[in-house]
Structure formats: structure tokens, C-alpha cells
Amino acid sequence: MRGVYEHPIDSGIWWINYYAGGKRHREKVGRKSDAIKLYQTRKADEAAGRKLPELRNSKVLLLNELIDDVLEFTAHHKDQRGYKSKGEIVREALGSRPAAELTPQELERWLRARCKTAATANRYKAFISLCYREGIRNGKVSINPARLVRQRKEGAGRLRFLTREDFDRLHAVISKRFPAHVAEFVVSVHTGMRLSEQYSCTWSQVHLDRKTIELTKTKNGSARSVHLNSDAIAALESLKRPRQHASDPVFPREGSKGRFDTRSWFQPCLEDAGLSEYVWHCNRHTFCSWLAMAGASIKEIQEAAGHKTITMSARYSHLSPAHRLSVVERIASGAK
């Protein structure tokens, strides 16, 4: 039928072309049968001189507006800065595009050109998908092209952890160069707390008598108890000062803006200790790896680290080659 066609880029999606009110209009419909029906309706209404509600508001919705809505929706999210950063990058590249015309193929092409890793591509895909989901919820769009974009397979990521010898060497360097930060390093390694969990913790959450820290703000949104071993307790006790208030942070933040930043002192210590490809978050890998090498089950690691799924614990419970060798050696003929 004249005026009804399948878009060459948006394969499987049918569009209609028609004249109404002295102007040419183009609408994205979906199925071929629906496109034919809508085209017949538009032509009949034009012949009868009727002006449909759909044609009264001819403003084209741009992706920019969906981005604005998402940034408003995530204004109080803990990763609001990350959403804002992604929003500006997507806005610059695709914001001027009509939201209804963006296709999965175009999104895949942009992600391939913009993102160097699978993980980055998946994060941007998720952001764009959130824009369209909010648009659907608000009645501004009816489709979400990002849902049809293929999810890329991500690698296992960096799972660097410290051996006991590495830990002792790094501990000695921190004690010499930045002794005020020794306790927070020890607590990080011996509790596995995430950086944001550790540096948002106040003394009201620390219960040395029960050997726990009660976390209320966690990555997965669930409160949990962090159990303290003797090394973590000793480190926390070294931080106790007279006239401390319950609302005081256990670990004061660096800088005037109060950011969760350990790099200013941790990175120089890593260099002095001769440790490469290691960052603060790797302390969490160290915690989980030491638990695994001590014989903890995956379930025990999940509970201790506060992982939402046991799959994450299996990923973190990697063992050092030396420990694997010692396990295999247990079945040797000379083993007792």
C-alpha cells in the first residue's frame, strides 16, 4: 500500500507517510497490519476534514527530554554523579535525536564506537534503557529500543589481592609514611567493607562489645552486620578519643569537600611497597580470598562480604596458586 513501508534501518518496524493539514507527516507504528489501519484512518480523516488529536501537538519528543526526566528521577541516588556524567555524554551524542526514531542498530553502533570495554557499553546501555523506561512510565514514549540491544559479555574483572607478605610490607610502609591511616587500612582488609560503607560509618554503628559494625547504607540497599576479628577491634580501639560523639565519623574523610578519597596517601604507599595493579577496592578481594584460603565456604563468604548473590562470592573466592598446590598435595601418597 502506498504510504506504508518498512523502514530499511529499523527492520521489522512499519511506518506511514501521509499529508494532512497541508503538511507531510511520518509516523512510526510497529506491525504492518497496524500501519495499514492507521494509514487508512489518517487518509479518511483528511478527506473528511477532521483534525485528529494526535496531530494537534506536533512537537517532536527528543531524547534530551528523557535524559532530563531520568536525571530528575535519580537526583537523590547515591550514584547521582555517575548518572549525570553518563547523561551529558549521551546528550551530546544523541540528545537531539527524536526519541521515537532511535533504533537498536543505531544504539549498538554508537556503543561500539564510544565504549572501549564490554562493561562500559553495558552501563551506557542500561542508562539509555532507564531513560526509555521512565519515558514509558510517564506516557511520553511507547517503545524502548535499548531492550533489543545485545548485552555484551563481561570479563571477570580485576581480582588482585594481597598475600600475607604483601600485606606486611604495605602495612610497614603505611606505618612509616602515614601512621594516622594504618587503622583504616587494617579495618578495610579485615572486614571487607566497601569504601563508601567504611567512610560513612559513625561511632554509633560500632559495637566493640558485640564485635560488630551495623551498616545501614550498603550497595545493595540491605542493612547488614559486619563481624570484627581481633585485628579489626584493635585497630578501632586505637581510634577512640575522649569526648567522641556517637554521630562522629569513625574515619574522617580526606579534603575540604569530604570525599571518599584514599588515593592521596594509599597510592604512594603502594609504590613504595612495590605493589602494582592494586587499588583500595582490592582490599575487599583480599578479605574474601583470605577467607577462602582459611577454608570458608562460598555461603560464609557471601554473608561476611554482604554479597547480594552467591555468584559474586564464587567470583571473589579465588585462591592463590600456592594454596591450590597445597590442597592438591594433601592427596599425595606421602601426605598424612
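Refer to the structure above for everything that follows.
> Summarise the packing of aromatic side chains; cite the residues concerned and give the values.
Evaluated as defined, the whole model comprises 11 aromatic pairs. Arranged with centres 5.6 Å apart and planes meeting at 75°, the rings of Phe-167 and Trp-290 form a pair that is edge-to-face. You can see Phe-167 sitting in helix α7 (residues 164-177) and its partner Trp-290 sitting in helix α12 (residues 282-293), a full 123 residues away along the chain. A relative accessible area of 9% places Phe-167 in the buried class. A residue is classified by how much of its surface remains accessible, and Trp-290, at 10% relative accessible area, is buried. Members of the aromatic cluster, each reached through a chain of ring pairs, are Phe-167, Phe-185, Tyr-199, Phe-251, Trp-265, Phe-266, Tyr-278, Trp-280 and Trp-290. Over the ring of Trp-290 we find Arg-164; its NZ or CZ atom is 3.7 Å from the centre of that ring. Over the ring of Trp-203 we find Lys-240, and its NZ or CZ is 4.6 Å from the ring centre.

> Report on the nonpolar core, specifying residues and quantitative values.
The biggest cluster of nonpolar side chains holds 37 residues, and the ones touching the most others in it are Leu-170, Ile-174, Phe-185, Ile-213, Leu-236, Val-250 and Phe-266. Elements with a minimum of two residues in this core: α7, α8 (182-191), β5 (212-215), α10 (230-237), α11 (263-272) and α12. When sequence neighbours within four positions are dropped, the list of residues in contact with Val-250 reads Cys-201, Thr-202, Trp-203, Val-206, Leu-236 and Leu-239. Counting residues in hydrophobic clusters, the runner-up holds 25 residues, among them Trp-110, Cys-131, Tyr-132 and Val-141.

What counts and how
- Residues numbered from 1 in each chain as written.
- Predicted model: local features only at pLDDT ≥ 70, side-chain atom pairs only at ≥ 80, totals over all residues.
- Heavy atoms only, no water.
- Phe/Tyr/Trp six-rings, centres within 6.5 Å; stacked < 30°, edge-to-face > 60°.
- Helix = DSSP H or I, 4+ residues; strand = E, 2+ residues; numbered from the N terminus.
- Buried < 20%, exposed > 50% of the residue type's maximum accessible area, 1.4 Å probe, protein only.
- Lys NZ or Arg CZ within 6 Å of the ring centre and 35° of its normal.
- Core = buried A, V, L, I, M, F, W, Y, C linked by side-chain atoms within 4.5 Å.
- Contact = heavy atoms within 4.5 Å.

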